[in-house]
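# Observations on chain architecture
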Amino acid sequence: MRLSLKPLAPCTVGNGGGGGEFSFPRYITARAGTQPATFSRRLMEKKGSYNWEGLLKEVEGEGMHFRGNSRLVNLGKRWKEYQGIRNWDGLLDPLDDKLRGEILRYGDFVDATYKAFDFDSSSPTYASCLFPKTAILDGAGFPQTGYRPTKNLRATSGIQLPLWIEKASSWMGTETSWIGYVAVCQNKEEIARLGRRDVVIAYRGTATCLEWLENLRATLTPLPPGAALSDSMVERGFLSLYTSRTSTSPSLQDLVREEVDRLLQTYGDEPLSLTITGHSLGAALAILTAYDIKTTFSRAPLVTVVSFGGPRVGNRSFRCQLEKQGTKVLRIVNSDDLITKVPGFVIDGNDAAEDHDVRVSGLPSWIRKRVVDTQWLYADVGRELRLRSRDSSYLSSINVAKCHDLRTYLKLVDGFVSSKCPFRPMIKKVITSYGARKVG
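Before going into details, it helps to say that this report is about the structure given with it. Here the structure is a predicted model, which means the values were calculated and not measured.

Calculation rules
Residues numbered from 1 in each chain as written. Predicted model: local features only at pLDDT ≥ 70, side-chain atom pairs only at ≥ 80, totals over all residues. Heavy atoms only, no water. Pairing = 2+ DSSP bridges. Helix = DSSP H or I, 4+ residues; strand = E, 2+ residues; numbered from the N terminus. Axes fitted to C-alpha atoms, helices over the stretch in contact; angles between N-to-C directions. Contact = heavy atoms within 4.5 Å. Parallel < 35°, antiparallel > 145°, perpendicular 65-115°, else oblique. Left-handed = near helix turned anticlockwise from the far one by under 90°. Nonpolar A, V, L, I, M, F, W, Y, C, P; charged D, E, K, R; others polar.

This part covers the sheet that holds strand β9 (residues 302-308). Backbone hydrogen bonds are what pair the strands of a sheet, in a parallel or an antiparallel way. In spatial order, the strands read β3-β4-β5-β8-β9-β10-β13; together these 7 strands make up an open sheet with mixed pairing. What marks the edges here is a single partner per strand, and that holds for β3 (147-156) and β13 (383-387). Pairwise comparison of adjacent strand axes, ignoring direction, gives a mean angle of 15 degrees for this sheet. As paired strands, β3 and strand β4 (residues 176-185) are joined by 9 bridges and run antiparallel to one another. Residue pairing for β4: Lys151 is matched across the bridge by Val182. The strands touched by helix α9 (residues 252-267) within the sheet are β3, β4, β5 (197-203) and β8 (272-279), with β3 carrying the most contacts at an inclination of about 155 degrees. Lying over the sheet, helix α14 (residues 406-415) contacts β8, β9, β10 (328-334) and β13, oriented at roughly 100 degrees with respect to β10.

We now examine the packing of helix α10 (residues 281-296) against helix α11 (residues 316-324). Where α10 contacts α11, the axes come no closer than 10 Å and their chain directions differ by 55 degrees. When the axes of α10 and α11 are compared, the pair comes out oblique. You can see that α10 and α11 cross each other, and the crossing is left-handed. Residues Ile287, Leu288 and Tyr291 of α10 lie in contact with α11, whose contacting residues are Phe318, Gln321 and Leu322. Residues belonging to the contact of α10 with α11 are distributed by class as follows: 5 nonpolar, 1 polar and no charged.

Packing of helix α8 (residues 236-243) against α10 leaves a shortest axis separation of 10 Å and a crossing angle of 65 degrees. In this view, α8 runs roughly perpendicular relative to α10, as classed from their interaxial angle. For the pair α8 and α10, the sense of crossing is right-handed. Contacts between α8 and α10 involve Phe238, Leu239, Leu241 and Tyr242 from the former and Leu281, Ala284, Leu285, Leu288, Thr289 and Asp292 from the latter.

What follows is the structure, given as structure tokens:
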């Protein structure tokens, strides 16, 4: 039995009166059929008090795989809504099940970047892709996506290395590394399900020594000359990784522009979307990529960012520019993840774009002016789907690394119903309580 969540109404738990059934089955449907999976008293008594642990595992999804093409449904003419054309209004709380499936699907594309990356610093192929370009998704364990990778993407650090690095281990001075890929939906059935041809750009998070150093360059810096707004600023390290190049390695920006231009020429006359997704550092690069595409290509289609555990990227002017150009950003945020709270300070979400009296969250008034005058004043972008590790019963411990892990994010999305009713803890509480009464 496989369960899917259908957030049709706020989660309530009845007392079993009348029909003798609990009233939470509206969120649960059996994948084997279309009927609601109800927990009647007769069924629960048949399970017996000796089998409560098994029932809890069944409800919590232990040993089950909630993701995969079997769960995905036809988006049809509503595909633009799920790509954020209306800023996901009415789809996030409670979380629409179709949107959940799409978020998890894009999360798998990001997961593939980690599984395809060579993390072995002693390997001669360190920081490269483990698989041939066309076999990235197959090699990473995602063979049936319907997408074909068309371009490897590499990022180069702009940090000037000291001479002593040459005598150190070679991995410390790795300037350019494989950071992701571009893939195009080629499967006719998947194109029909999606309602358009989709292009995915997927980025991994921080992996190399120089990438970590770039992350620490957390002050804001102006966007390059020619940017639409001269006062738009972004994090210095992220911009460096996106725009830096060497005599032998083009920049990530160059690679993205080249491939997007080719794809627009090839598929520009049909319904098309660009979805840029990433985790951690990759989430920041996804936002910069989306901004760059919309700025560079006047005929760019709908561009959507789906980010997981991303840090802050730019200032308020940068946020306003993203909104004006029509870039749609959905940020998946774990409240217990510290990475989503850095770098810098963030302005209050209620500030209007033209309001010059900036209020800074969490800071006393006597230092607000100093913060405004520095290069540390950031603004969150896009819409937010906020989750919490502490709401999930499957996490045995909560620590910095686990809260930031991509797998944690995907499990939280998979089990989330709404801000008022996290799904699995509520059902576990009900079943445990009923089981205790039966035993007593």
